[in-house]
Amino acid sequence: MLTLIDTLIVVGMAVAQTGTIHEADGPYRHTFRLCNGGTEAVSLVQGYTSCHCTTILFDKDQPIAPGDTVDVTLVFNPQGKGGDFYESATLQYSTIEEHTPENISRTPAPSHPRTPENITLALEGTCITSEETLLRQYPVRISDDIRLNTNRFDIGFLRPGDTVERTVAVLHRDDGDRRELFPVSYTVGPDSPKGLQHIACPISIPTKGGVVSTTITLDLVVR
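Residues numbered from 1 in each chain as written. Predicted model: local features only at pLDDT ≥ 70, side-chain atom pairs only at ≥ 80, totals over all residues. Heavy atoms only, no water.

Draft legend 1. Region of interest: the sheet that holds strand β8 (residues 83–95). Read across the open sheet, the four strands follow the order β3-β9-β8-β5; overall the sheet is mixed. On the outer flanks of this sheet lie β3 (15–22) and β5 (42–49), each paired with one strand and no other. Adjacent strand axes in the sheet meet at a mean angle of 25° when their direction is disregarded. (Pairing = 2+ DSSP bridges. Helix = DSSP H or I, 4+ residues; strand = E, 2+ residues; numbered from the N terminus. Axes fitted to C-alpha atoms, helices over the stretch in contact; angles between N-to-C directions.)

This is how it looks when you write it as structure tokens:
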């Protein structure tokens, strides 16, 4: 299958389906093949990725004659990236004449110069996080089935009438390591005592076996 995108053609699909990968297996690599389907030589000028976890590898400024192909590789580092992911990279390319220094020095600039074209490649799939990473991301054990990313927040200074909101991430070990977010909020009452306060905010977490209750502590100073 050929996907036509401006001059460059992606031989295959521009979005590669990785399926399920495992963090413990290390970085995942996929190589895309691009073909110059135009009538002028082009080269890849610059590349950008959607996240620092993804690297794009290509030969910068290598001439790609009409009909020739070039390989571009995306490397996805799944460390700490559990769950579904979609990581993309944008390549900029242009004709050789548009950006070669010697041509710029000897040829007057056109009245309407063409800007580099873009082509987007991506990796899409699901990552299974390693046990070590899960325990590091969710260090608070509530039960065999429930873990939290934290059970305490350092809020800082508040005044009567102020409202603070935080979010607790819950890991359901009994449900395929499903992650769930729980909001926690607190409003300082008009009669709240001044000074350092440790506010216990209860939350109830539905599980397969019932409901697990715990408290989230907000450390704050009332002015």
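Read on for the rest.
Draft legend 2. Examining the packing of aromatic side chains more closely. One pass over the full model with this rule turns up one aromatic pair. Centroid distance Phe 76 to Phe 85: 4.3 Å. Interplanar angle 20°. Geometry classified as stacked. For Phe 76, a relative accessible area of 0% gives the class buried. When the ring centre of Phe 157 is taken as origin, the NZ or CZ atom of Arg 223, which lies over that ring, is 4.3 Å away. (Phe/Tyr/Trp six-rings, centres within 6.5 Å; stacked < 30°, edge-to-face > 60°. Buried < 20%, exposed > 50% of the residue type's maximum accessible area, 1.4 Å probe, protein only. Lys NZ or Arg CZ within 6 Å of the ring centre and 35° of its normal.)

Draft legend 3. Structural view of the environment of Ser 143. Here Ser 143 is to be found in the loop between β10 (140–141) and β11 (146–148). For the pair Ser 143 and Arg 173, spaced 30 residues apart in the sequence, the C-alpha separation amounts to 9.5 Å.

Draft legend 4. Layout of the confidence of the model for the chain. This prediction gives the chain a mean pLDDT of 88; 89% of its residues lie at or above 70. A low-confidence stretch, residues 1–5 (pLDDT under 50), is modelled with 16 contacts involving residues beyond four sequence positions or located in other chains. In this model, residues 98–113 is a region of pLDDT below 50 whose contacts with residues beyond four sequence positions or in other chains number eight contacts. (pLDDT = per-residue confidence, 0-100. Contact = heavy atoms within 4.5 Å.)

Draft legend 5. A look at the sheet that holds strand β12 (residues 152–158). Pairing is mixed in the open sheet, where three strands are placed in the order β12-β16-β15. Where the open sheet ends on each side, the last strands, each with one partner, are β12 and β15 (195–207). Each strand axis lies, on average, 25° off the axis of its neighbour in the sheet, ignoring direction. Bridge count between β15 and strand β16 (residues 210–222): 13 bridges; the pairing is antiparallel. Across the sheet, the residue bridging to Thr 207 is Gly 210, located in β16.

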